[in-house]
Amino acid sequence: MAVCIAVIAKENYPLYIRSVPTQNELKFHYTVHTSLDVVEEKISAVGKSLGDQRELYLGLLYPTEDYKVYGYVTNSKVKFVIVVDSSNTSLRDNEIRSMFRKLHNSFTDVMCNPFHNPGDPIQSKAFDGIVSGMMTQTG
């Protein structure tokens, strides 16, 4: 399913980035960081038109030749980015939404941990397990 999953802090530094083919890790870091511009554009456009009642799921940020990049923003402005292989045509929009919901729930669990300092990189084994499950899941 997903080839890269990233959690980006409000101040646009990575809290968590994981990619499946580890030899392409730098490429995915670049892809995630270039998608932040599109995320900021969508947030500002939606913010102007709807006020505070906005959709957390941003949808397809941009497609490339090999990948599709999807975005999601929490109420606290933490951004989730999921990069999916373009060859996976069976993946529907509602499946991407459910992946983001699962990721958001797991992120909330990490933030509720009294031993985790908000803003620190995520090092939770439970969160890592959820992400691994989303990456190895087959349609």
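What counts and what doesn't
Residues numbered from 1 in each chain as written. Predicted model: local features only at pLDDT ≥ 70, side-chain atom pairs only at ≥ 80, totals over all residues. Heavy atoms only, no water. UniProt positions renumbered as here; feature names shortened; annotations may be inferred. Helix = DSSP H or I, 4+ residues; strand = E, 2+ residues; numbered from the N terminus. Expected span 1.5 Å × (residues − 1). Buried < 20%, exposed > 50% of the residue type's maximum accessible area, 1.4 Å probe, protein only. Arc of directions from axis to C-beta. Contact = heavy atoms within 4.5 Å. Polar contact = N/O pair within 3.5 Å; in protein donor to acceptor, adjacent residues only side chain to side chain. Phe/Tyr/Trp six-rings, centres within 6.5 Å; stacked < 30°, edge-to-face > 60°.

- In the annotation of an unreviewed UniProt entry, the entry for the chain reads Trafficking protein particle complex subunit 2-like protein, and the organism field reads Betta splendens.
- The UniProt entry for the chain carries the following comment under Subcellular location (unreviewed entry): "Cytoplasm, Perinuclear region".
- In the Sequence similarities (unreviewed entry) part of its UniProt record, the chain is described as follows: "Belongs to the TRAPP small subunits family. Sedlin subfamily."

So, helix H3 (residues 125-136)
Phase 1: Here H3 is 12 residues long and its end C-alpha atoms lie 16 Å apart, about the 16 Å a rise of 1.5 Å per residue gives.
Phase 2: Looking at H3, one finds that the buried residues are Phe127, Val131, Met134 and Met135. Seen along its axis, H3 keeps its buried residues to an arc of 100°; they face one direction. Exposed positions of H3 whose direction lies more than 90 degrees from the buried face are Lys125, Ala126 and Thr136.
Phase 3: Against the buried residues of H3 lie strand E1 (2-8), strand E2 (14-19) and helix H2 (93-112).
Phase 4: Where H3 begins, one side-chain oxygen reaches toward the backbone nitrogen of Ala126, 3.3 Å away; that side chain belongs to Ser124.

Regarding the packing of aromatic side chains
Each aromatic ring pair is described using two quantities: the centre-to-centre distance and the angle formed by the ring planes.
Phase 1: Here the structure, examined in full by the defined rule, presents 6 aromatic pairs.
Phase 2: Geometrically, the ring pair formed by Tyr72 and Phe100 is stacked, given 5.3 Å between the ring centres and 10° between the ring planes. Placement of the pair is Tyr72 in strand E4 (residues 67-73) and Phe100 in helix H2, with a sequence separation of 28 residues. For the pair formed by Tyr72 and Phe100, the shared burial category is buried.
Phase 3: Members of the aromatic cluster, each reached through a chain of ring pairs, are Tyr57, Tyr72, Phe80, Phe100 and Phe107.

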